[in-house]
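Single-letter residue listing:
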Amino acid sequence: MVWTVKTWAEWLNGTVEGDDSRCLTGAATLTEATSEHIGFLANPIYTAEAEKSNAGAIVIQKDVLLRVSPQTALIRVENSYQAWALILKKLSDTPFASGISPHAWVDASAEIDASATVMEGVWIGARVRIGADCIVYPGARLYPHTELRERVIVHANAVVGSDGFGYTPPQGTQVGFEKIPHIGGVLLENDVEIGANTCIDRGVVGLTRIGEGTKVDNLCQIGHNVHIGKHCVLAAQVGIAGSTVIGDYCQFGGQVGIIGHITIGNRCSVGAQSGVPKSLPDGSTVFGSPAMPLSQFKRAWVKWKQSGLS
Amino acid sequence: MVWTVKTWAEWLNGTVEGDDSRCLTGAATLTEATSEHIGFLANPIYTAEAEKSNAGAIVIQKDVLLRVSPQTALIRVENSYQAWALILKKLSDTPFASGISPHAWVDASAEIDASATVMEGVWIGARVRIGADCIVYPGARLYPHTELRERVIVHANAVVGSDGFGYTPPQGTQVGFEKIPHIGGVLLENDVEIGANTCIDRGVVGLTRIGEGTKVDNLCQIGHNVHIGKHCVLAAQVGIAGSTVIGDYCQFGGQVGIIGHITIGNRCSVGAQSGVPKSLPDGSTVFGSPAMPLSQFKRAWVKWKQSGLS
Amino acid sequence: MVWTVKTWAEWLNGTVEGDDSRCLTGAATLTEATSEHIGFLANPIYTAEAEKSNAGAIVIQKDVLLRVSPQTALIRVENSYQAWALILKKLSDTPFASGISPHAWVDASAEIDASATVMEGVWIGARVRIGADCIVYPGARLYPHTELRERVIVHANAVVGSDGFGYTPPQGTQVGFEKIPHIGGVLLENDVEIGANTCIDRGVVGLTRIGEGTKVDNLCQIGHNVHIGKHCVLAAQVGIAGSTVIGDYCQFGGQVGIIGHITIGNRCSVGAQSGVPKSLPDGSTVFGSPAMPLSQFKRAWVKWKQSGLS
């Protein structure tokens, strides 16, 4: 698809500064872009790269100052992030046809909507349900009693519905741990996205549940009977232990750990690598392992760091 | 399977308080249970939920006080955790037939017991041995020279026997790292369970070995030539670096890291997210990164946290 | 392959102390070795094990003192690590034939060199390129626009090229996050090795790139548009967030986390479990979460630990 700067600007509802007749053949990063590429600037830390860029056009917020080379046109928009998402959607080749790959292994009792995509090497166990417009990437495993509502994306090699980590400790003459069978399921609500190689355990009884619109990055661990609310964001390698309940609009940085059997309120924010050992009220912002309020952590940290200088 | 409260109680060797004639159709969490469900209470933090529960019956320890709604019968037992495990075993539908799926890829030199289950998309390399009653879930990969004794469970997409992370550093005129070939194997003893997406590297020479009854949760990393003793419990996302030796009955919390080439004694306990940089004697309880005795950590931590308030 | 101690010594360009006529049938660890095995000593922490070893021969650095049992010959070499790598290479059975397994799923538009090995259950998407002598282990997933140069190894169940974790936050009347399509790719340069179950996200636009000779262990997460230089070493469970740029010859310990959008210089060293929140100049050695210079961390840590004793 080749579009002129002018056509892109009209389509994005933006205004052009500079030459609007140039033909653009694709999108690129500011550093890699040539005069045939469209780029974008949202984060001010990349201002210097934008000013040195050879891009044919740069999409930018309405009111941001930027001094670019004469060959680079600016397309000014209300919201440069959203404009960028629109551009990428336009340029993205829909990668896969819908339907169930003949190279997927699907239990006869599974119910899969005709608009869903199930790719090669996927395994789908008994009584799994997959709703409209879901995409299940190669090698994902959906154990029995997993339900995906609508527009759910499960990336490659993710495992949904494996047994939780539950054992009865040694008792009396018993020497080792005894496995607690898991007979519950997993429910992923509308618009959930699950990253590659992420694991979500099934409930012991009842459900492990991830709310509408929540995004889980790669290599995360969600324990049995965890309930996560709507529109949360979990960065890569987060681990949440069993039976913890999390509210809506929470954000967890990479490698965060959350202990089991606690409650995290709505709109909580947990910094990367933090460990949360107890329940948090709505709107908490915490950091550290074990975690404390971010402002408290910062003050303690500055003194601590200082103590290492002498 | 529909059983009355009375039948469940007799089977669990318990005594009933309340109506023992109600028919129960399944198990559920205290919050989700209706009058047709059996639930259980072991952890006192769920007492309030038990008292509000609509369950038809709740299994509970012999001597615990609990005020439930009139419709809810109590089944009092010696050990509510073990009773719960028995109930779930009873209700669990054995999920899979034994045998080797025609959609698994099995090297001709592998030896697999007739009672073992090898599911779709599993890959089994040369000279692998799988003992009686093992279950290997879809997408698990067993590299050459892996041995599973009896009743071993390997969950979906786990990788057992991949090359360890061993390289000779650049020397003389050599520019980069050179790979050290790995020719050893992995031995998983009786009743070991390996979580989904967990990785266990093969020995450089000799074995990486996990002792009888040890349970490893999802997304863990066990380095080459690690030896883990019997009846240990490793929570999710734990990492153990190469050649470390671990005793029996150890417990590691989630996201723990253990450095390579050290020795951890028997019955050691390492708190979540801790990092262990040196050997530990039998019975150690440590916390922190780097880890120290738990009591010491707690005292240091309280002062540290306090220092962030002013 | 059975060789005498003498033959091994000649082949390794070493000198023998003790009986050079013994026949050796394989390699083993010092503890497990019998008189038919060759072992090696490089790390002095294993000196006691070497002195108690029953090995037929031990490969050792030219000038190291060691008192072994009379039945054990010493083969003294310039570099015992490199000699060990040579021995293992010699003993390693090349495990797999080259070529594309008929049980791999390969898009018609992918280009795969005839000398490459693509094993069972591998999925290769559109426009993927795989160069000479690459090995892709079972269950690895290469999303569209992934390129492997030469001699790249991708271990089992690794996922290369999945979508990065990019969303536009809720705006105006929009309730949830909107997915930013990813149309970029991944480039793995010559001699890169990717561990089992590791995830490498594709660029939003442009490339996620890993430089020549860099080794990435199991269960690591490399975010979208990350650039890693040459000959770096990333231990298991490391996470690097999007758009971060890393120099050459860096070493990251296990479970390290690196924030997004920063720059790490050449020859930087980051200790296990550390978290790097800001850019680092060439040659930095840091530790802690958040990380600081190692020497500063050590001083602060000693005082901290001391404060827990009273």
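Trainee: How do you make sense of the packing of aromatic side chains when you look at a structure like this?
Mentor: Tallying each qualifying case throughout the model produces 39 aromatic pairs over all chains. Here the aromatic rings of Phe297 of chain B and Trp301 of chain B are separated by 5.7 Å at their centres, their planes lie at 10°, and the arrangement is stacked. Linking Phe297 of chain B with Trp301 of chain B, this pair stays in helix H4 (residues 294-307), spanning four residues, or about one helical turn. Pairwise contacts between aromatic rings join Phe287, Phe297, Trp301 and Trp304 of chain A, Phe287, Phe297, Trp301 and Trp304 of chain B together with Phe287, Phe297, Trp301 and Trp304 of chain C into one cluster. A cation over a ring is seen here: Arg267 of chain A above Tyr249 of chain A, with NZ or CZ 4.4 Å from the ring centre.

Trainee: Can you help me understand the pairing of strand S24 (residues 207-210) of chain C in this one?
Mentor: Looking down a regular strand, the side chains alternate between one sheet face and the other. All names here are of chain C. Alternating residues of S24 divide into Thr208 and Ile210, all buried, and Leu207 and Arg209, none buried. Looking at chain direction, strand S21 (residues 185-188) and S24 are connected through four bridges and run parallel. Residue pairing in the sheet places Val186 in a bridge with Thr208 of S24. With two bridges joining them, S24 and strand S27 (residues 227-228) adopt parallel strand pairing.

Trainee: Can you help me understand the interface of chain B and chain A in this one?
Mentor: As a measure of interface size, the accessible area lost when the parts come together is often cited. Listed as interface residues are 57 residues of chain B and, on the opposing side, 61 residues of chain A. For the chain B face of the interface with chain A, the top three residues by lost area are Leu88, Gln273 and Trp304 of chain B, together amounting to 13%. Taken together, the links from chain B to chain A amount to two salt bridges. A salt bridge links Glu193 of chain B to Lys179 of chain A; the shortest N-O distance between them is 2.8 Å. There are 27 residue pairs in polar contact (both at pLDDT 80 or more) connecting chain B and chain A. Put simply, the parts of the chain that give the side of chain B that touches chain A at least two residues each are helix H3 (80-91), strand S25 (215-216), strand S28 (233-234) and H4 of chain B.

Trainee: Would you take a moment to explain the domain arrangement of chain A for this structure?
Mentor: With domains assigned, chain A is organised as domain 1 (3-91) and domain 2 (114-296). Relative to domain 2 of chain A, the C-alpha centre of domain 1 of chain A lies at a distance of 38 Å.

Trainee: How should I be thinking about the sheet that holds strand S4 (residues 26-27) of chain B in this particular structure?
Mentor: To summarise the sheet geometry, strands pair through backbone hydrogen bonds and adopt either a parallel or an antiparallel arrangement. Residue and element names in this part refer to chain B. One open sheet accounts for five strands, arranged S2-S7-S6-S5-S4; its pairing is mixed. Unpaired on one side and paired on the other, strand S2 (15-17) and S4 mark the two borders of the sheet. Of the strands in this sheet, S4, strand S5 (37-41), strand S6 (57-61) and strand S7 (73-77) are in contact with H3, which crosses S5 at around 150°.

Trainee: Could you clarify how one ought to interpret the relation of the copies chain B and chain A in this entry?
Mentor: Relating one copy of the chain to the other takes a rotation about an axis and a shift parallel to that axis. With an RMSD of 0.0 Å, the operation that places chain B on chain A is a rotation of 120° combined with a shift of 0.0 Å along the axis. Classification of the inter-copy transformation places it as that of a three-fold axis.

Trainee: What should I look at first to understand empty space enclosed by the protein in this one?
Mentor: Rolled over the atoms, a probe with the dimensions of a water molecule shows which regions are left empty. Counted according to the given criterion, the structure contains four cavities of 30 Å³ or more. Taken together, 36 residues line the largest cavity, and the ones lying closest to its centre are Gln273 and Ser289 of chain A, Ser289 of chain B together with Gln273 and Ser289 of chain C. Broken down by class, the residue content of the lining of the largest cavity amounts to 18 nonpolar, 18 polar and no charged.

Trainee: How should the relation of the copies chain C and chain A be read in this particular structure?
Mentor: When chain C is fitted onto chain A, the two copies agree to an RMSD of 0.0 Å after a turn of 120° and an axial shift of 0.0 Å. Each copy contacts the other with its own distinct surface, as only 20% of the interface residues of chain C are interface residues in chain A too.

Trainee: Is there a simple way to think about helix H4 (residues 294-307) of chain A in this case?
Mentor: Along an α-helix, residues three or four positions apart point the same way, because every turn accommodates 3.6 residues. Taking 1.5 Å per residue as the helical rise, H4 of chain A with its 14 residues ought to reach 20 Å, and the 20 Å between its terminal C-alpha atoms agrees with that figure. Within H4 of chain A, burial applies to Gln296, Phe297, Ala300, Trp301 and Trp304 of chain A. Buried residues of H4 of chain A, viewed axially, fall in a sector of 125°; they line one side. With respect to the buried face of H4 of chain A, the exposed residues turned more than 90 degrees away are Lys298, Val302 and Gln306 of chain A. The secondary structure elements touched by the buried residues of H4 of chain A are strand S36 (285-287) and strand S37 (292-293) of chain A, H4 of chain B together with strand S37 (292-293) and helix H4 (294-307) of chain C.

Trainee: Could you clarify how one ought to interpret the packing of H4 of chain A against H4 of chain C in this entry?
Mentor: Packed helices, taken two at a time, are described by their axes: the angle between them and the distance between them. As a packed pair, H4 of chain A and H4 of chain C sit with axes 7 Å apart at the nearest point and diverge in direction by 105°. Relative to H4 of chain C, H4 of chain A is oriented roughly perpendicular. Here Trp304, Lys305 and Ser307 of chain A of H4 of chain A come into contact with H4 of chain C, specifically with Gln296, Phe297, Ala300, Trp301, Lys303 and Trp304 of chain C. A per-class count over the contact of H4 of chain A with H4 of chain C returns five nonpolar, two polar and two charged.

Trainee: Sorry if this is basic, but what is going on with the pairing of strand S7 (residues 73-77) of chain C here?
Mentor: Residue and element names in this part refer to chain C. Most of S7 is tucked away: five of the five residues are buried. Of the two faces of S7, the one carrying Ala73, Ile75 and Val77 and the one carrying Leu74 and Arg76 are both buried. Examined bridge by bridge, strand S2 (residues 15-17) and S7 share three bridges and lie antiparallel to one another. What sits directly across from Glu17, in S7, is Leu74. Bridge count between strand S6 (residues 57-61) and S7: five bridges; the pairing is parallel. Residue pairing across strands places Ile60 opposite Arg76, the latter belonging to S7.

Calculation notes
- Residues numbered from 1 in each chain as written.
- Chains lettered and ligands numbered in written order.
- Predicted model: local features only at pLDDT ≥ 70, side-chain atom pairs only at ≥ 80, totals over all residues.
- Heavy atoms only, no water.
- Phe/Tyr/Trp six-rings, centres within 6.5 Å; stacked < 30°, edge-to-face > 60°.
- Helix = DSSP H or I, 4+ residues; strand = E, 2+ residues; numbered from the N terminus.
- Lys NZ or Arg CZ within 6 Å of the ring centre and 35° of its normal.
- Buried < 20%, exposed > 50% of the residue type's maximum accessible area, 1.4 Å probe, protein only.
- Pairing = 2+ DSSP bridges.
- Contact = heavy atoms within 4.5 Å.
- Buried area = accessible area lost by both parts, 1.4 Å probe.
- Salt bridge = Lys/Arg side-chain N within 4 Å of Asp/Glu carboxyl O.
- Polar contact = N/O pair within 3.5 Å; in protein donor to acceptor, adjacent residues only side chain to side chain.
- Domains from an automatic or database assignment.
- Axes fitted to C-alpha atoms, helices over the stretch in contact; angles between N-to-C directions.
- Least-squares fit on C-alpha atoms with pLDDT ≥ 70 in both.
- 1 Å grid on protein atoms, 1.4 Å probe; cavity = no way out; pocket = protein on both sides within 12 Å on 5 of 7 lines; lining within 4 Å.
- Points joined across faces, edges and corners; volume = space filled by probe spheres on them.
- Nonpolar A, V, L, I, M, F, W, Y, C, P; charged D, E, K, R; others polar.
- Expected span 1.5 Å × (residues − 1).
- Arc of directions from axis to C-beta.
- Parallel < 35°, antiparallel > 145°, perpendicular 65-115°, else oblique.

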